[in-house]
Number of protein chains: 2
Amino acid sequence: MGHGHERRELLRDVVYERVRDRILDGSLPADAKLPSTRAYAAELGLARGTVEEAYARLAAEGYVVGLGPAGTRVRALEVSAPSRPAARHARVPSDGDRFAAGRGLPLGLGVPGLSEFPFEAWARSLARAARRTSRKELASTDAAGEASLRVAIAAHVGLARGVRCEPSQIVVTSGYQSALVLAALATVGPRGTAHVEDPGYPKTREALAALGLRVIAAKVDGEGLRVDTLGGARPALVAVTASHQMPTGVCLSLARRLALLDWASSRDDRWLVEDDYDGEFHYSGSPLPALFAVDRHERTLHAGTFSKSLFPGLRVGFLVAPPGLAAPVRRLSALVAPSVPAVVQRALADFIASGKLARHVARMRKLYARRRAAVLDALREHLGGRAVVEEGSGGLHLLVHWRGGPDDRDVARRGAAQGLGVRALGEYRLARASRQGVLVGFANVPERSAAGAVARLAAAFDASPPPGGP
Amino acid sequence: MGHGHERRELLRDVVYERVRDRILDGSLPADAKLPSTRAYAAELGLARGTVEEAYARLAAEGYVVGLGPAGTRVRALEVSAPSRPAARHARVPSDGDRFAAGRGLPLGLGVPGLSEFPFEAWARSLARAARRTSRKELASTDAAGEASLRVAIAAHVGLARGVRCEPSQIVVTSGYQSALVLAALATVGPRGTAHVEDPGYPKTREALAALGLRVIAAKVDGEGLRVDTLGGARPALVAVTASHQMPTGVCLSLARRLALLDWASSRDDRWLVEDDYDGEFHYSGSPLPALFAVDRHERTLHAGTFSKSLFPGLRVGFLVAPPGLAAPVRRLSALVAPSVPAVVQRALADFIASGKLARHVARMRKLYARRRAAVLDALREHLGGRAVVEEGSGGLHLLVHWRGGPDDRDVARRGAAQGLGVRALGEYRLARASRQGVLVGFANVPERSAAGAVARLAAAFDASPPPGGP
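Remember, it's a predicted structure, so these values are computed and weren't measured experimentally. Residue numbers restart at each chain and count upward from 1, following the sequence in its written direction. All chains are assigned letters beginning with A, and all ligands numbers beginning with 1, in the order in which they are written. For this predicted model, a pLDDT threshold of at least 70 governs which residues receive local features, and a threshold of 80 or more governs which side-chain atom pairs are given and counted, while totals over whole chains, interfaces and linings are taken from all residues. As a rule here, side-chain values cover all heavy atoms of the structure and leave hydrogens and water aside.

Peer 1: How should the overall build of chain A be read in this particular structure?
Peer 2: By the criteria applied, helices consist of DSSP H or I runs no shorter than four residues and strands consist of E runs no shorter than two, each listed in order from the N terminus. Along chain A, the regular secondary structure elements total 15 helices and 16 strands. In this analysis, two residues are considered to be in contact whenever any of their non-hydrogen atoms come within 4.5 Å of each other. Across chain A, contacts joining residues at least 24 apart in sequence account for 73% of those joining residues at least 6 apart. When the accessible surface of chain A is summed, it comes to about 17700 Å², and 51% of that surface belongs to carbon and sulfur atoms. Residue exposure ignores everything except the shown protein chains as possible cover, and the areas themselves are Shrake-Rupley values with a 1.4 Å probe.

Peer 1: I keep staring at the interface of chain B and chain A and nothing clicks. Help me out?
Peer 2: Quoted interface sizes are often the accessible area lost when the parts come together. Contact with chain B, which involves 59 residues of that partner, is made by 59 residues of chain A. Salt bridge, as used here: a side-chain nitrogen of Lys or Arg that lies within 4 Å of a carboxyl oxygen of Asp or Glu. Taken together, chain B and chain A are joined by two salt bridges. Between Arg331(A) and Glu206(B) there is a salt bridge, with the nearest N and O atoms lying 2.1 Å from each other. Pairing of N or O atoms within 3.5 Å defines a polar contact, subject to two protein rules: one partner must be a possible hydrogen donor and the other a possible acceptor, and residues neighboring in sequence count only if both atoms are side-chain atoms. Connecting chain B to chain A are 16 residue pairs in polar contact (both at pLDDT 80 or more). Take the side of chain B that touches chain A: its biggest share by element is five residues, from helix α11 (residues 323-336) of chain B. Gly falls in the polar group here, along with every residue not listed as nonpolar (Ala, Val, Leu, Ile, Met, Phe, Trp, Tyr, Cys, Pro) or charged (Asp, Glu, Lys, Arg). By residue class, the composition of the side of chain B that touches chain A is 36 nonpolar, 12 polar and 11 charged.

Peer 1: In this structure, what is going on with helix α4 (residues 119-131) of chain B? I would like to understand it.
Peer 2: Every α-helical turn comprises 3.6 residues, leaving residues that sit three or four positions apart pointing alike. Given a helix with a known number of residues, its expected span is that number minus one, times 1.5 Å. The end-to-end C-alpha separation of α4(B) is 18 Å, in line with the 18 Å expected for 13 residues at 1.5 Å each. Exposure categories follow from relative accessible area, calculated using a 1.4 Å probe and restricted to protein chains: below 20% of the type maximum is buried, above 50% is exposed, and the middle band is partly exposed. Buried within α4(B) are the following residues: Phe119(B), Ala121(B), Trp122(B), Ala123(B), Ser125(B), Leu126(B), Ala129(B) and Ala130(B).

Peer 1: Before we go on, may I ask you to explain the sheet that holds strand β7 (residues 214-221) of chain B in this structure?
Peer 2: Adjacent strands of a sheet pair through backbone hydrogen bonds, lying either parallel or antiparallel. Residues and elements named next belong to chain B. Any two strands with at least two DSSP bridges between them are considered paired. Taken in spatial order, the eight strands make up an open sheet running β5-β12-β11-β10-β9-β6-β7-β8, and their pairing is mixed. The open sheet has two edge strands with one neighbour each: β5 (170-173) and β8 (224-225). Both strand β6 (residues 193-198) and β7 contribute to a ladder of six bridges, which runs parallel. The residue bridging Thr193 from the neighbouring strand is Arg214, located in β7.

Peer 1: I would appreciate a short explanation of the relation of the copies chain B and chain A in the present structure.
Peer 2: What relates the pair of chain copies is a rotation about an axis plus a shift along that axis. With an RMSD of 0.2 Å, the operation that places chain B on chain A is a rotation of 180° combined with a shift of 0.1 Å along the axis. Read as a symmetry element, the transformation amounts to a two-fold axis. Of the residues that chain B buries at the interface, 100% are likewise interface residues in chain A, meaning the two copies contact each other through the same surface. Alignment of copies: least-squares fit on C-alpha atoms of residues with pLDDT of at least 70 in both copies.

Peer 1: Before we go on, may I ask you to explain the environment of Ala290(A) in this structure?
Peer 2: Residue and element names in this part refer to chain A. Note that Ala290 resides in the loop between β10 (270-275) and α10 (291-294). The sequence separation of Ala290 and Val388 amounts to 98 residues, and the corresponding C-alpha distance is 28 Å. The residues touching Ala290, leaving out its near neighbours within four places in the chain, are Arg161, Val163, Arg257, Glu274 and His302.

Peer 1: Just checking my understanding: could you explain the packing of aromatic side chains for this structure?
Peer 2: Aromatic ring pairs are described here by two measures, namely the spacing of the ring centres and the angle between the planes. Residues and elements named next belong to chain B. For Phe, Tyr and Trp, rings pair up if their centres lie within 6.5 Å, where Trp contributes its six-membered ring, and each pair is then called stacked (planes under 30 degrees apart), edge-to-face (over 60) or tilted (otherwise). Tallying each qualifying case throughout the model produces 18 aromatic pairs over all chains. With 6.4 Å between their ring centres and 20° between their planes, Phe117 and Phe351 make a pair best called stacked. In this pair, Phe117 sits in the loop between β4 (91-93) and α4 while Phe351 sits in helix α12 (residues 342-353), placing the two residues 234 residues apart along the sequence. One exposure class covers both Phe117 and Phe351, and it is buried. Ring centres of Tyr283 and Phe442 lie 5.9 Å apart, and the angle between their planes is 70°; on these two criteria the pair is classed as edge-to-face.

Peer 1: Help me understand the confidence of the model for chain A in this model?
Peer 2: Do not read the fine detail of predicted coordinates wherever pLDDT is low. Residue and element names in this part refer to chain A. A residue-level look at chain A finds 85% of positions with pLDDT of 70 or above and a mean pLDDT of 84. pLDDT: the predictor's confidence for each residue, scored from 0 to 100. The low-confidence segment residues 77-103 (pLDDT under 50) makes 70 contacts with residues lying over four places distant or belonging to another chain. As scored by the predictor, the complex reaches a pTM of 0.79 and an ipTM of 0.78.

Peer 1: Where do I start with unusual backbone geometry in this structure?
Peer 2: Residues other than glycine predominantly adopt negative phi, and peptide bonds predominantly adopt the trans conformation. The linkage connecting Asp198(A) with the following residue, Pro199(A), adopts the cis geometry, with an omega of 5°. Counting through the fold element by element, Pro199(A) comes out in the loop between β6 (193-198) and α8 (202-210). Of note, the amide linkage connecting Met246(B) to Pro247(B) takes the cis form, showing an omega dihedral of 15°. Inspection of the secondary structure assignment puts Pro247(B) in the loop between β9 (236-240) and α9 (254-265). We note that Glu298(B) has phi near 60°; this positive angle belongs to a residue other than glycine. You can see Glu298(B) is positioned in the loop between α10 (291-294) and β11 (300-305). A positive phi angle, close to 60°, is found at Arg315(B), a residue other than glycine. As for its position among the elements, Arg315(B) is in the loop between β11 and β12 (317-320).

Peer 1: Help me understand the sheet that holds strand β13 (residues 388-390) of chain B, please; the structure alone is not making it clear to me.
Peer 2: Pairing is antiparallel across the open sheet formed by four strands, whose spatial order is β13-β14-β16-β15 (chain B). Each end of this open sheet is capped by a strand with a single partner; those strands are β13 and β15 (423-424) of chain B.

Rendered as structure tokens:
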């Protein structure tokens, strides 16, 4: 078994790389149809399952889309203007989804260690929920979410994030973006103002702008959001990543937290929405509780997700509203962001209530701490002289930044051509800045692979011309 | 088995009715905790499963909420001001969800015949999808929906509704409301104008208003939406239920369809969104295809749902965009309305692609035709002299209307007190009108129960005082 298994993995990698390289060099253009797994396996003299696994990896990494009976096709990739011939391979997937470009690639963002996911336990929870489906579930229409899941989430966020709430304050959503929509519409509404972090998560500002809000960039420094730069617009909502600023990784300092809460509580039309996207993961010192947990004036809405603690394809998030906003948020969820299929909610409730989520998070926190240390060591070794490694204290990625060196988007593009999932700091920035940087995910990088991946990143850094040159 | 099964059903109904009556008469008030199923079964000398089934039915019908380990509690009911002592029982559930008040009750709306649902087949599709979950699915982040489901939906709407489209024009959403949000933001945006039908579906206008759009009521007559009442606001979106107008049941006439498409195509900032909520169900004559199918100018977005053709708890809907809007809609879906859990999408894709959805819809169409005929006959017998039965030709409900008789909200409240799910036409109306009416669902009423349920409705009608009196 062991030997045959290894041989199969090797063959699968050969098939994967052969197809990937043809996509990257353009000989398999966008929308080109791959041969069927049956035909390709026959052509190569391999087992069909080997080809299927290779195709699955290509799909997971965004190179192809599997259309079932309609065949597997090459996904449209965004071609950036090459700055020199060597950049011919410099393409990144065009999907604008959260961190999607780097998903599955080493050093990519927002990719939990999926190979460690307790898949059997999750499948059992799901199968149990499916078997126990009753007519009650068939007819279920609580747009705010299944009661059992809201009870489980209330207990979970209380323990994990210090967020004390009743299940009635929780609405279950199809991820963070839906929670953000509810938060914005329930507080300032479509004519209101939103302050977003700069640099910050692009889809936060894009979603708020799509809803019609006036979006104003707020500066971020080494303590996080600069509360003193918030203006006097009314009504106003601040979208903040307090635990692990996206993208800089800074944890909002206690002084800033108090200043922010003070700002919000000074008027009754000021609100905060906290994007706690990876708040479960913290590696050094004592983690600060969520902003929601220290807000005595009930101005904060807390948005959480299971994309990081479980897996992105789950597509379940939630919003915790302060008591006074719970009813409006529930009402809005029925109008603009109803909940997800009941069977998955019930499976997740079971997974949380039986302690499996907490055990998984605890195990992953230890694993991520080791992976983070390995990537940190390699970054210091390979880039220490030329860039600053901003480690922060939590989350699933690190920031490497520099001044006067190469353009960060070019480094990220070269990294992508080397099969790396790093993202450019520039993608997260609105205002022009002299600081360049790349975001380096460590969650999906086994310790033994860290040095090699970071060496490739350093090579991409070295090969990139400085801004304006060559 | 047969005899014991019947006895168990009887005992379950006794338990159900005993608890329901105590809720309706107020002796079990809102938030009161029911005894545990174990304790109650012991007290009554019944099998615990019998009590569990009774509780499940109470929950499905909205009387209680089951909080798992926290126990089962009475749901808060909205108490209407009683107009006389006999109306003490006149309460309807406060949940504002689509047709929720009547869910599960005879003559209720939006409740498919769930006892006929091929539950085993669905559970198998779901279990298969769960077993086949791969790392690909764990990491899946296509906010627009799984490719396999979009392929299956494209085939389904082509056959069932004449909607020809590519999978890339489809986004999968958590139901109709999310599809409506995407349609509004992708066309006229939050500063635009929306024309909604009056009478019409309340959550359509409430969602559009929550998004910030100016909402204008458009009149509805015996041919459906009156296109001549649409003003010159720009940009403008018309939300229309063309196949089976909600609530009147009228099918938008061909002349009106052509006029509406003409209106929309006369400017490039006019759009239509078609809420095809029960378009699969048509019983007489030749069904008109969806509005999308006859729009040669690509001004129509088609919103569909599986809540009626499968079951409401599935919480999966979709939006079909014209080719020119496909990319903006996909982009918006990632920002404000990401898709639902991948495992359910893949199960649904399997269910559709294997022909099970089409077979189920075909079977239910025949069953609903018989149930509709039985309810129609009973309505004519019991209310024929006092009200007009507007049968339309499709959908899952009928409209009974009258002038000068009792207030329709009072009739609906009295019907609710009798355990009926009928809804008042007045709930769907913005402008004042002399016409009164009730919406009568037939999908969940077995033929043998039709006469009895309608007789109770007639009694509610007779007991209700006319407007202004007594």
